[in-house]
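Close look at the chain arrangement
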Amino acid sequence: MTDAAANGIDQDLVVHLGKLARLELTDVEVEHYTLQLEQILGAITSISEVAADDIPPTSHPIPMVNVYREDVAIPGLLQEDFVPGAPSFEDDRFRVPRILGEPT
Amino acid sequence: MNDLIRQSAATLATAIARKEVSSEEVTHAHLDRISEVDERVHAFLFVDPDASIARAREVDQQIAKGELSSPLAGVPIALKDLLATKGVPTTCGSRILEGWRPPYNATIVDKLHAAGVVSLGKTNMDEFAMGSSTEHSGYGPTHNPWDLERIPGGSGGGSAAAVASFESPLAIGTDTGGSIRQPAAVTGTVGVKPTYGGVSRYGIVALASSLDQAGPCARDVMDTALLHSVIAGHDPRDSTSINAPVPDFVAAALKADVRGMKIGVIKELQGEGFQSGVLERFNQSLEILTELGAEIVEVSCPHFQYALGAYYLILPSEASSNLARFDGMRFGIRVDDGKNRSVEQVMGATREKGFGAEVKRRIMLGTYALSSGYYDAYYGQAQRIRTLITRDFEAAFSKVDVLVSPTSPITAFKIGEKLDDPLAMYLNDIATIPVNLAGNCAMSLPIGLASEDGLPVGLQIIAPAMADSLLYQVGSALESALVDRWGGLLISEAPSL
């Protein structure tokens with residue numbers, strides 16, 4: 001059972017969600033989104049009381065089974081196709097910011 | 001042929017095939033119209049007149065040699081900017097993809113090319129298709145041709161406005177919660193959301209993969225049937241596309257017959273929250289359908305009241321995962337101040353700058369709904385409600401052939417009116433969302449102007465999955481009865497701009 005008071009939305013949680021989602025939110029945004037997420041979740045809280053546990057969840061409109069393609073080689077993208085769209089490219093590789101260590 | 005821009009795609013294609021007019025002349029006329037009115041409408045984000053004319057000439061040559069016999073050969077089209085177009089800018093209405101040119105085409109784009117349909121350019125949209133007004137575009141709003149101070153609907157407001165302002169006879173839209181149908185309703189045009197899996201999603205930038213479906217936009221039902229026929233069909237590159245023969249939508253549109261049909265009115269999709277002028281036109285259409293020989297019955301879909309809530313948990317959850325790929329590493333913009341930032345800091349700064357307010361809002365909502373401790377209460381429950389909504393449809397379709405409702409509860413509102421009230425904005429999709437959750441198909445077609453504001457009203461026809469032909473059969477029957485009363489299409493009442 002979930003209600004507006006139990007959805008746990010406060011500024012700390014919004015900051016945490018921003019980190020998880022890789023969004024460097026400003027203080028103004030944190031304040032704004034705290035109010036709006038609270039408001040939106042409050043409005044849709046009623047759904048938590050509708051469906052009993054014996055109702056199976058639907059994740060997809062078509063009952064999906066594994067789909068296999070013929071094992072035939074088809075041409076893929078060439079480097080020259082996607083390099084122009086890359087923000088940074090060097091020595092046949094995407095150049096990315098450092099992935100280790102603390103910020104200096 | 002006079003006034004090329006006011007002709008239907010079917011008329012243009014016939015004239016082009018008979019060599020009464022060339023694709024180049026038709027394309028030229030539409031490009032002229034775009035340069036004349038698009039500064040005010042802002043339906044397009046990208047137009048390349050030289051490329052369109054060059055392609056039209058190529059098509060003319062192919063037709064002359066008898067190499068092209070598609071029913072839409074030589075007709076121009078506008079493409080929603082989330083279809084990947086090789087070498088042509090594709091932004092999804094977002095600054096994060098500014099300047100990006102995809103390295104491949106969406107399957108739809110390849111199919112249109114093979115059919116000799118000529119692209120005029122890419123149309124404006126709410127950023128990553130999140131919105132009902134096109135105000136959430138990173139490149140400024142599109143204006144409704146009926147009243148330039150009003151919204152053209154969304155997310156495919158650019159595609160609908162391009163068709164409504166006679167800049168293009170055809171357009172492609174995508175519909176995740178109503179993004180083809182609601183813009184069609186508020187611009188007095190026709191839009192179809194095909195059965196999920198009926199049209200390939202390959203090369204369509206994903207919003208919510210279990211809900212997204214591309215479909216046709218045009219000014220009359222026959223043109224949507226023709227366009228739907230060209231883009232439909234199984235695609236091995238999309239594992240969710242349906243591997244079954246494509247029904248004859250054009251034959252269904254020609255049939256235009258509702259005699260003996262049972263048409264269900266959804267009890268839950270009228271009354272409170274619906275504008276009186278919208279309901280007035282809707283009820284009048286029900287009388288016309290009765291006169292045409294259909295039996296109108298009321299049906300109840302008790303779980304539709306929870307559809308909006310379920311949708312606004314499922315959509316953000318899928319979107320927050322799908323949009324994780326926009327991280328500034330392999331394509332799109334990168335925000336890096338050169339101060340030896342970590343990859344996480346650069347991603348955070350890039351996404352903060354590249355995404356607009358609505359996209360961030362939904363990413364946060366999705367991240368929350370999928371996080372541990374809340375997953376069962378929100379995402380899990382939403383998926384169960386999805387099952388209940390599908391069962392509501394199954395029960396309804398055991399009693400009736402098709403269902404109808406108003407497409408949008410209200411007519412076009414003023415730009416800016418709901419921009420910072422997400423809940424009010426979300427209510428625009430209340431009648432269209434259940435169809436996306438269940439994966440069946442629906443059409444919106446114009447049924448007149450609301451008496452209080454003189455703006456277009458749309459009626460939604462809903463059919464079971466795989467029964468898209470019924471939309472065309474019922475839609476064209478109603479359309480032709482309305483056209484008889486009006487003496488022409490509703491869109492001919494629109495101001496001349």
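Residues numbered from 1 in each chain as written. Chains lettered and ligands numbered in written order. Predicted model: local features only at pLDDT ≥ 70, side-chain atom pairs only at ≥ 80, totals over all residues. Heavy atoms only, no water.

**Re the nonpolar core**
The condition is simple: Buried residues of nine kinds, namely Ala, Val, Leu, Ile, Met, Phe, Trp, Tyr and Cys, make up a nonpolar core once their side-chain atoms join them within 4.5 Å. Between buried and exposed lies partly exposed: a residue is buried under 20% and exposed over 50% of the maximum accessible area for its type, with that area taken using a 1.4 Å probe on protein chains only. Labels follow the DSSP assignment, with helices taken as runs of H or I lasting at least four residues and strands as runs of E lasting at least two, numbered in each case from the N terminus.
Formed by 160 residues in total, the largest nonpolar core has its most connected members in Leu112 and Phe128 of chain B. Here this core gets 10 residues from one element, more than from any other, and that element is helix 13 (residues 376–397) of chain B.

**With respect to the interface of chain B and chain A**
The condition is simple: Note on definitions: a residue-residue contact is assigned when non-hydrogen atoms from the two residues lie within 4.5 Å. As a working definition, buried area equals the accessible area (1.4 Å probe) given up by two parts on being put together, with both sides summed. Salt bridge, as used here, is a side-chain nitrogen of Lys or Arg placed within 4 Å of a carboxyl oxygen of Asp or Glu.
Counting from both sides, the interface comprises 67 residues of chain B and, opposite them, 59 residues of chain A. Summing both sides of the interface, chain B and chain A together bury roughly 5,400 Å²; the carbon and sulfur share of this comes to 65%. Summed over the three residues of chain B that lose the most area to chain A, namely Met364, Tyr368 and Arg384 of chain B, the buried surface amounts to 12% of that side. Counting across the interface, chain B meets chain A through 2 salt bridges. Linking arginine 22 of chain A and glutamate 344 of chain B is a salt bridge whose minimum nitrogen-to-oxygen distance equals 3.5 Å.

**Observations regarding the sheet that holds strand 6 (residues 214–218) of chain B**
Residues and elements named next belong to chain B. The criterion, for reference: At least two DSSP bridges between two strands are needed for those strands to be called paired. For helices, the fitted axis covers only the stretch in contact; all axes are lines through C-alpha atoms, and the angles between them, taken along N-to-C directions, range from 0 to 180 degrees.
Spatially, the 11 strands line up as an open sheet ordered 1-3-2-4-6-5-10-11-9-7-8, and their pairing is mixed. Sheet topology places strand 1 (44–47) and strand 8 (295–299) at the edges, where each strand pairs with a single neighbour. The average undirected angle you get between the axes of adjacent strands in this sheet is 30 degrees. Packing against the sheet, helix 4 (residues 107–114) makes contact with strand 2 (76–80), strand 4 (170–174) and strand 6, and its axis sits at approximately 175 degrees to strand 2.

**Some thoughts on the pairing of strand 10 (residues 441–449) of chain B**
The side chains of a regular strand alternate, first on one face of the sheet and then on the other. All names here are of chain B. Within strand 10, 8 of the 9 residues are buried, leaving the element largely enclosed by the surrounding structure. Across 3 bridges, the pairing between strand 5 (residues 190–193) and strand 10 is antiparallel. If you follow valine 192 over to strand 10, its bridge partner there is methionine 443. Note: strand 10 against strand 11 (residues 456–463), 8 bridges, orientation antiparallel. The residue bridging leucine 445 from the neighbouring strand is leucine 459, located in strand 11. With antiparallel pairing between neighbouring strands as the criterion, strand 10 and strand 11 make up a hairpin whose turn holds 6 residues, including glycine 454 at a positive phi of roughly 65 degrees.

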